[in-house]
Amino acid sequence: MNALPGANAEALLRRLEWSTIRRLDGWLQGDYRTLFRGEGLDLADLREYQHHDDVRRIDWNVTARLQQPYVREYTEDRDIAAWFLLDLSPSVHFGSRRRSKAQIGIDFTAVIARLLARRGNRVGALLYGSRVDTVLPARSGRLQVLELLQRLMNRPEPVAMPQGTRLHELLQGALQQLRRRSLVFVLSDFFSEPGWSEPLSALALRHEVIAVRLYDPLELELPDLGMVYIQDAETGEQLMVDTHSRGFRQRFANVARRREAELRTGLAQAGVDTLELASDEDLAAAIVRFVHLRRQRSRLAAGSVAPRPHVI
């Protein structure tokens, strides 16, 4: 799979640093703590409260004694271990526009990994094709980001799988692999056999998990294109359909809506926030939306309103 034809990892990362990361730095003014809060378990230090700190971290006993707000810092606030669980099964390689779902997923991984690595944090990955075939141990530095991108770009084209995607295998692999509490990004289109919600929920109990749902607009609604062949990306099965038929398009939309409802129910049951990325979407704008969402959740929590998982 090539993220960009004729490009290497260095060229891709330089393009994203110029086109996306610089914009994020400007829009967010370097404040990524809402997205990468790194909730640890071991208390490391106390420091004075600063703007944008999570008020849930305030140590009220110390604050009352010193008459100055102080917040607790945990070990993982200083060293986040971030893992990218990448579903690279055949359906993820579909794209009706300029980019496939896999391509925007790779761009997202490159941007977030680079933002984390340049602050001294470690990034690792589990890659799933028809099984978990690659584990890249978490390390820090720009070279680690380049290694991850090169592995993604050098992967062979996926082949159809009669058994379909088994996303639960990727999640269970992460449960076995990740020992220390980490920040985990699960990138998938969630076209999968049932059973992924339970291991995703178990993962969220141990780690801070963000589901990144990749989709293409054509998967939600078919335009009127006349007689066309459609192919199941997972199994390779082909079928000729008449998209000129309003009834067929309506049935397709109904099935898509049911699947959307089931997907959102599964994500809500797992208790994870979800960032939705369309194959034709501006990546920087989507990340900024998500950062604002997590800030809103922090404010709700500070006001003693139990925040619920969000999909945006």
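These numbers come from a predicted model, not from an experiment. Every chain is numbered on its own, with residues counted from 1 as its sequence reads. The predicted origin of the model limits local features to residues at a pLDDT of at least 70 and limits the giving and counting of side-chain atom pairs to 80 or more, whereas totals for whole chains, interfaces and linings rest on all residues. Note: side-chain values were computed over all heavy atoms of the structure, leaving out hydrogens and water.

Some points on the nonpolar core
- For this analysis, a nonpolar core means a set of buried residues of the types Ala, Val, Leu, Ile, Met, Phe, Trp, Tyr and Cys, connected via side-chain atoms within 4.5 Å. With a 1.4 Å probe rolled over the protein chains alone, any residue whose accessible area is under 20% of its type maximum counts as buried; one over 50% counts as exposed, and the rest are partly exposed. Core analysis: the largest hydrophobic core is formed by 50 residues, its most contacted members being Phe84, Phe108, Val111, Ile112, Leu149, Phe185 and Leu277.
- Numbered from the N terminus, helices here are DSSP runs of H or I no shorter than four residues, and strands are runs of E no shorter than two. In terms of residue count, helix H4 (residues 101-117) provides more of this core than any other element does, 11 residues in total.
- Counting residues in each nonpolar core, the second largest holds 23 residues, with Leu85, Tyr128, Trp196 and Leu263 among its members.

Comments concerning the pattern of salt bridges
- Definition used for salt bridges: Asp or Glu carboxyl oxygen within 4 Å of a side-chain nitrogen of Lys or Arg. In total, this model carries 20 salt bridges according to the counting rule given.
- A salt bridge links Glu17 to Arg142; the nearest nitrogen and oxygen atoms lie 3.2 Å apart. Placement of Glu17 in helix H1 (residues 9-28) and of Arg142 in helix H5 (residues 142-153) is noted, with a sequence separation of 125 residues between them.
- Between Glu193 and Arg166 there is a salt bridge, with its nearest N and O atoms 3.6 Å apart. Highlighted residues: Glu193 in the loop between strand E6 (183-188) and helix H7 (197-206) and Arg166 in the loop between H5 and helix H6 (167-177), separated in sequence by 27 residues.

Observations regarding unusual backbone geometry
- The phi dihedral of Gln67 falls on the positive side, at around 55°, and the residue is not glycine.
- Among the secondary structure elements, Gln67 is positioned in the loop between helix H2 (60-66) and strand E2 (70-74).
- By relative accessible area, which is 66% here, Gln67 ends up exposed.
- Phi is positive for Phe190, close to 60°, though the residue is something other than glycine.
- Following the sequence through the fold, Phe190 ends up in the loop between E6 and H7.

Comments concerning the sheet that holds strand E7 (residues 208-215)
- Read from one edge to the other, the open sheet built from 6 strands follows the order E5-E4-E3-E6-E7-E10, with strand pairing classed as mixed. Pairing within the sheet leaves two strands with one partner each, and these edge strands are strand E5 (132-140) and strand E10 (273-278). With direction set aside, neighbouring strand axes in the sheet form an average angle of 15°.
- For two strands to be treated as a pair, DSSP must find no fewer than two bridges joining them. Here strand E3 (residues 81-87) runs beside E6; their pairing, made up of 5 bridges, is parallel. When the sheet's bridge partners are listed, Trp83 is paired in E6 with Val184.
- When checking whether two residues touch, look at their non-hydrogen atoms; a contact exists if any pair is within 4.5 Å. Under this scheme, a helix contributes an axis fitted over its contacting stretch, all axes are lines through C-alpha atoms, and angles between N-to-C directions fall in the 0 to 180 degree range. Packed onto the sheet, H4 meets E3, strand E4 (122-128), E6, E7 and E10 and runs at close to 165° relative to E6.
- Here H7 sits on the sheet in contact with E3, E6 and E7, set at roughly 140° to E7.

Observations concerning the packing of H1 against H5
- Contact pair H1 / H5: the axes reach a minimum separation of 9 Å and the direction vectors enclose 115°. On the basis of the axis angle, H1 is roughly perpendicular to H5. For the element pair H1 and H5, the recorded crossing hand is right-handed. Of the residues in H5, those touching H1 at Ala9, Glu10, Leu12, Leu13, Arg14 and Glu17 are Arg142, Val145, Leu146, Leu149, Gln150 and Met153.
- Residue polarity follows a fixed list, in which Ala, Val, Leu, Ile, Met, Phe, Trp, Tyr, Cys and Pro are nonpolar, Asp, Glu, Lys and Arg are charged, and the others, Gly among them, are polar. Here the contact of H1 with H5 is built from residues that sort into 7 nonpolar, 1 polar and 4 charged. Here is the rule for angles: anything less than 35 degrees is roughly parallel, anything more than 145 is roughly antiparallel, 65 through 115 is roughly perpendicular, and the remaining ranges are oblique. Note: crossing handedness is left-handed where the near helix turns anticlockwise from the far helix by less than a right angle, and right-handed where it turns clockwise.

A word on H1
- Along its length, H1 reaches its greatest deviation from straightness, about 40°, at Glu17.
- When H1 is considered as a whole, its buried residues turn out to be Ala9, Leu12, Leu13, Leu16, Thr20, Ile21, Leu24 and Leu28.
- Where H1 begins, the capping side chain belongs to Asn8, and its oxygen is found 3.3 Å from the backbone nitrogen of Glu10. What is called the bend at a residue is the angle between a pair of axes, fitted to the seven residues leading up to and ending at it and to the seven starting from it. Counting of polar contacts relies on pairs of N or O atoms within 3.5 Å, with two restrictions inside protein: one atom must be capable of donating a hydrogen and the other of accepting it, and residues adjacent in sequence are counted only when both atoms are side-chain atoms.

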